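Here's the letter readout for the chains.
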Amino acid sequence: MGMLEGKVIVVTGSGRGIGRGVAELAAEEGAKVVVNDAGVAVDGSGSDRAPADEVVEAIRSRGGTAVANHDSVASMAGGESIIQTALDSFGRLDCLINVAGILRDRMIFNMTEQEWDDVIAVHLKGHFACTKAAAVLMRQQRYGRIINFSSISGLWGNAGQANYGAAKSGTAGFTRVVARDLGRYGVTCNCIVPRALTRMTGDLPKGPSQERVVGRGIEAWPPDHVAPMTCYLATDQAWNITGQVFLVYGGTVAVLAHPLPQRTIFKQGMWATDELIEMVPQMMEGIANPAPPPEDIDVPGRPKSQAQAAP
Amino acid sequence: MADLLKGRNAVVTGAGRGIGRGIAIALAAEGAKVVVNDPGVAADGSGFDKSPADEVVEAIRSQGGIAIPNYDSVVTVEGGENIIKSCVDNFGRIDILVNNAGILRDRMIFNMAEEEWDAVIAVHLKGHFACTKPAAVLMRQQRYGRIVNFSSISGLRGNTGQANYGAAKAGVAGFTRVVARDLGRNGVTCNAIAPAAITRMTATVPEAAAAIRAQSGVAQPRLATAGPVERTPEHIAPMVVYLCTDHAWNINGQIFHVGGGTISLAAAEMPIHSITKSGKWTLEELAQVVPTELVYDIANPAPPPADLDLPGRPAKPKE
């Protein structure tokens, strides 16, 4: 018997990539799954019923139970309809997994309003639209699991993703609040930060940080490897884990620190700027500038370097 | 008047009251010319009033400083462009942008209306984007700039009843880290402050979230009022001023908690514990390993009450 036997689980964005892996594993473990996917391109354009239908077919062919839903998560009506599909098809909702997402990368000084709005809509409004509808039911039944998706783009910072980074850091903050709103009703809310090779990473250069983490590359992180930890959080065994953010890639799962005070300076009363000029560098010792200015630009305040001093 | 920011031009959004007002006055006191932006809305975003911005401009001028008011809303790209333009038109360039404007619409997630979600995300997140984009274009060209954003403990730690605000403010932290990387090579820094201060925004909390928290038995320590330490809105300003000086040229992409005389660097959201296997985990394996190796010292911030029937929870021995 699977560890999710009889649970009703909605997985948004599960027509492809990470969401698909989650939907398929949940079904293997005995869950009845709503496979939601609007079938859009990576940039959010278009629509196609085939990806969701195909995953439902794959699940059924292995004896699992699944239905397709093709609504967009980006509107309240869409979110409500997705949750309603679980009720209409399976009679209840135990778990919502918010995977759906798009990308519109651009440096901040070139980013258009449309690029900003579309990414915030799918990721942040999408998390809200589905979660609100699910939270009403889960609170009433005093049971539920909500699993959100964040990204290192926001938590660590990736150049060219101000929209996506803001949205994905936002889902981590959303997770922390929703966990506190719903914990007393027997509902947990956690967040997965996935790293995997999918069509969304297809355009990204393989950065040194990716190499550093595993010493190999992103190829070592298939999308279906994100599924086990995601599905574990949906089990009854994970009843006491809430408000946490987990990094998952390949065979590695890590629990992440929250951005709470780490190093502190204190005085009784208000600081003077002169005092901070002396004290802050001590607090910041060893903290690297993630994007230092190049040597050849004039940076007021920077000590003259050897290179500049040389004739 | 000191002169650490002499010759610098600054925009402070939401500077008509509270923390923003303290920052505008402190920047001006260090010699910066300041655009005091504030449409004078209520804490929930409703209404319009020129007098808060005007009053701060008057206060700065009476101390010998230089300031002009601007009343645009940060919520639209047009508003953001107008705010930045008013700095360029009046003072010739922009060196400093402080994204402080914000509103609150607290509600538990299961009761939150779409309009409450949208309004808060618009002012905080779109507001940060709308002002930062036009500032970034100019700062990149001039190879110099300071951007200071405003995040909140609500998103970084989690406050009950603030799913909209918490998402927006955690979003600002992510926005800050990305913008820092987009602009660092152009001599621009971008950092964020998570402030703790007693302002009219925290004054609304007892009526909304705090009451809900108390009712639900999930009251949390209130940073803004905890202890004998004084936490006025003015206490936030020195760190903001410092980040805008030339001394802070190499501090970039960081989040700082500031309240009263306490200033902390926020932890990076990096792994605390991790588990690894070669290949894909099974759920059975995770059920064994996660509690003992991964989350053994991570407290549940909102544990379910003891009288709730909860599948998976070990039964308490009967008395």
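Residues numbered from 1 in each chain as written. Chains lettered and ligands numbered in written order. Predicted model: local features only at pLDDT ≥ 70, side-chain atom pairs only at ≥ 80, totals over all residues.

Here's the deal with the overall build of chain B
Under the convention used in this document: Counting from the N terminus, the helices are the DSSP runs of H or I reaching at least four residues and the strands are the DSSP runs of E reaching at least two. Using C-alpha atoms as the atom set, the radius of gyration is obtained and then compared with a globule rule of 2.2 Å times the number of residues to the power 0.38. C-beta atoms are first placed from the backbone for all residues, and any pair lying within 7 Å is then listed as a contact.
The helix and strand inventory of chain B stands at 10 helices and 9 strands. The C-alpha radius of gyration of chain B comes to 22 Å, within 12% of the 20 Å expected for a compact globule of 319 residues. Contacts spanning at least 24 positions in sequence make up 71% of the contacts within chain B whose residues lie at least 6 apart.

Structural notes on the sheet that holds strand β1 (residues 8-12) of chain A
How we decide: Strands are labelled as partners when DSSP assigns at least two bridges between them. Only C-alpha atoms enter the line fits that serve as axes; for helices the fit covers just the stretch in contact. Angles between N-to-C directions range over 0 to 180 degrees.
Here 9 strands make up an open sheet; going across it, the order is β3(A)-β2(A)-β1(A)-β4(A)-β5(A)-β6(A)-β7(A)-β8(A)-β9(B) and the pairing mixed. Pairing within the sheet leaves two strands with one partner each, and these edge strands are β3 (65-69) of chain A together with β9 (271-276) of chain B. Between one strand axis and the next, the sheet turns through 20 degrees on average, direction left out of account. Relative to strand β4 (residues 95-98) of chain A, helix α4 (residues 113-141) of chain A is tilted by about 170 degrees, and along the sheet it contacts β1, β4, β5 (144-149) and β6 (187-194) of chain A.

Some points on helix α6 (residues 163-183) of chain B
Just so we agree on the cut-off: Expected helix span is given by 1.5 Å per residue-to-residue step, counting one fewer step than there are residues. Backbone-placed C-beta atoms define the burial measure: a residue is buried with 20 or more other C-beta atoms within 10 Å of its own, exposed with 12 or fewer, and partly exposed in between.
Compared with the 30 Å implied by 1.5 Å per residue over 21 residues, the 30 Å span of α6 of chain B between its first and last C-alpha is a close match. Burial analysis of α6 of chain B places 21 of its 21 residues in the buried class, which makes it a mostly covered element.

Digging into the pairing of strand β8 (residues 262-266) of chain B
Here strand β9 (residues 261-266) of chain A pairs with β8 of chain B via 5 bridges, running antiparallel. Looking across to β8 of chain B, one finds that Ile265 of chain A is bridged to Ile263 of chain B. Taking the residues that link successive antiparallel strands as the turn, the strand β7 (residues 255-259) of chain B-β8 of chain B hairpin has 2 residues, and the phi of Gly260 of chain B there is positive, at about 60 degrees.

What about the domain arrangement of chain A?
Often, the extent of an interface is quoted as the loss of accessible area on bringing the components together. This is how it is decided: Marked domain ranges trace back to an automatic or database domain assignment.
Each assigned domain of chain A is listed with its residue range as follows: domain 1 (8-255) and domain 2 (273-309). If you average the C-alpha positions of domain 1 of chain A and of domain 2 of chain A, the two centres end up 40 Å apart.

Thoughts on unusual backbone geometry
The phi angle at Arg142 of chain A is positive, at roughly 55 degrees, despite the residue not being glycine. By the secondary structure assignment, Arg142 of chain A is in the loop between α4 and β5. Taking the number of C-beta atoms within 10 Å as the measure of exposure, Arg142 of chain A has 15 and is therefore partly exposed. The phi torsion at Arg143 of chain B lies on the positive side, around 55 degrees, for a residue other than glycine. Accessibility expressed as a C-beta count within 10 Å gives 16 for Arg143 of chain B, which makes it partly exposed.

Side note on the interface of chain B and chain A
Let me state the cut-off plainly: Nonpolar residues are Ala, Val, Leu, Ile, Met, Phe, Trp, Tyr, Cys and Pro. Charged residues are Asp, Glu, Lys and Arg, and all others, Gly as well, are polar.
On the chain A side, the residues contacting the 106 residues of chain B number 105 residues. Those elements giving two or more residues to the side of chain B that touches chain A turn out to be α4 (114-142), α5 (153-158), α6, α9 (237-244), β7, β8, β9 and α10 (283-294) of chain B. The element best represented in the side of chain B that touches chain A is α6 of chain B, accounting for 17 residues. Residue composition of the side of chain B that touches chain A, grouped by class: 55 nonpolar, 34 polar and 17 charged. Bridge count between strand β8 (residues 252-256) of chain A and β9 of chain B: 5 bridges; the pairing is antiparallel. For Ala254 of chain A, the partnering residue across the bridge sits in β9 of chain B and is Ser274 of chain B.

Thoughts on the sheet that holds β7 of chain B
Strand pairing in a sheet is mediated by backbone hydrogen bonds. Such pairs are either parallel or antiparallel. Strand order in the open sheet formed by 9 strands is β9(A)-β8(B)-β7(B)-β6(B)-β5(B)-β4(B)-β1(B)-β2(B)-β3(B), and the pairing between neighbours is mixed. Whereas interior strands pair on both sides, the edge strands pair on one side only; in this sheet they are β9 of chain A together with β3 (66-70) of chain B. Strand after strand, the sheet turns through a mean of 20 degrees between neighbouring axes, direction not considered. For strand β5 (residues 145-150) of chain B and strand β6 (residues 188-196) of chain B, the ladder comprises 6 bridges, and the chain directions are parallel. Residue pairing for β6 of chain B: Gly145 of chain B is matched across the bridge by Val188 of chain B.

Let's talk about the environment of Asn148 of chain A
Residues and elements named next belong to chain A. Considering the arrangement of structural elements, one finds Asn148 in strand β5. What makes Asn148 buried here is the crowd of 27 C-beta atoms within 10 Å. Once you skip the residues sitting within four places of it in the chain, Asn148 turns out to touch Asn98, His127, Thr171, Phe174, Thr175 and Cys191.

With respect to the confidence of the model for chain B
Residue and element names in this part refer to chain B. Keep this limit in mind: Each residue carries a pLDDT score, the predictor's own confidence in it, on a scale running from 0 to 100.
Scored by pLDDT, chain B has a mean of 92; 90% of the residues are at 70 or more. Counting interchain partners and residues more than four positions distant, the pLDDT-below-50 stretch residues 220-227 has 13 contacts. Of the two predicted TM-score estimates for the complex, the pTM is 0.93 and the ipTM is 0.93.

Regarding the packing of helix α8 (residues 227-234) of chain A against α10 of chain B
This is how the line gets drawn: Working definition: roughly parallel below 35 degrees, roughly antiparallel above 145 degrees, roughly perpendicular at 65 to 115 degrees, and oblique for all remaining angles. Handedness of each helix crossing follows the sense of rotation of the near helix against the far helix: counterclockwise by less than a right angle gives left-handed, clockwise gives right-handed.
It is the contact of α8 of chain A with α10 of chain B, at a shortest axis distance of 9 Å, that shows an interaxial angle of 70 degrees. Here α10 of chain B runs roughly perpendicular to α8 of chain A, going by the angle between their axes. Both α8 of chain A and α10 of chain B take part in a crossing whose hand is right-handed. On α10 of chain B, the residues that touch Pro228, Met229, Cys231 and Tyr232 of chain A of α8 of chain A are Leu283, Leu286, Ala287 and Val290 of chain B. In terms of residue class, the contact of α8 of chain A with α10 of chain B is made up of 8 nonpolar, no polar and no charged.

Regarding the environment of Gly17 of chain A
Residues and elements named next belong to chain A. Mapped onto the elements, Gly17 comes out in helix α1 (residues 17-28). Residue classification places Gly17 among the buried positions, given that 24 C-beta atoms sit within 10 Å. Spatially, the C-alpha atom of Gly17 lies 10 Å from that of Ala227, the residues being 210 residues apart in sequence. Gly17 has contacts with Thr198, Arg199, Met200 and Pro223, leaving out every residue within four places of it along the chain.

Observations concerning the confidence of the model for chain A
Any segment with low pLDDT has predicted coordinates that should not be analysed in fine detail. Mean pLDDT over chain A works out to 92, with 92% of the residues at or above the 70 mark. Between residues 205-215 of chain A, whose pLDDT stays under 50, and residues either more than four places distant or in other chains, the model counts 8 contacts.

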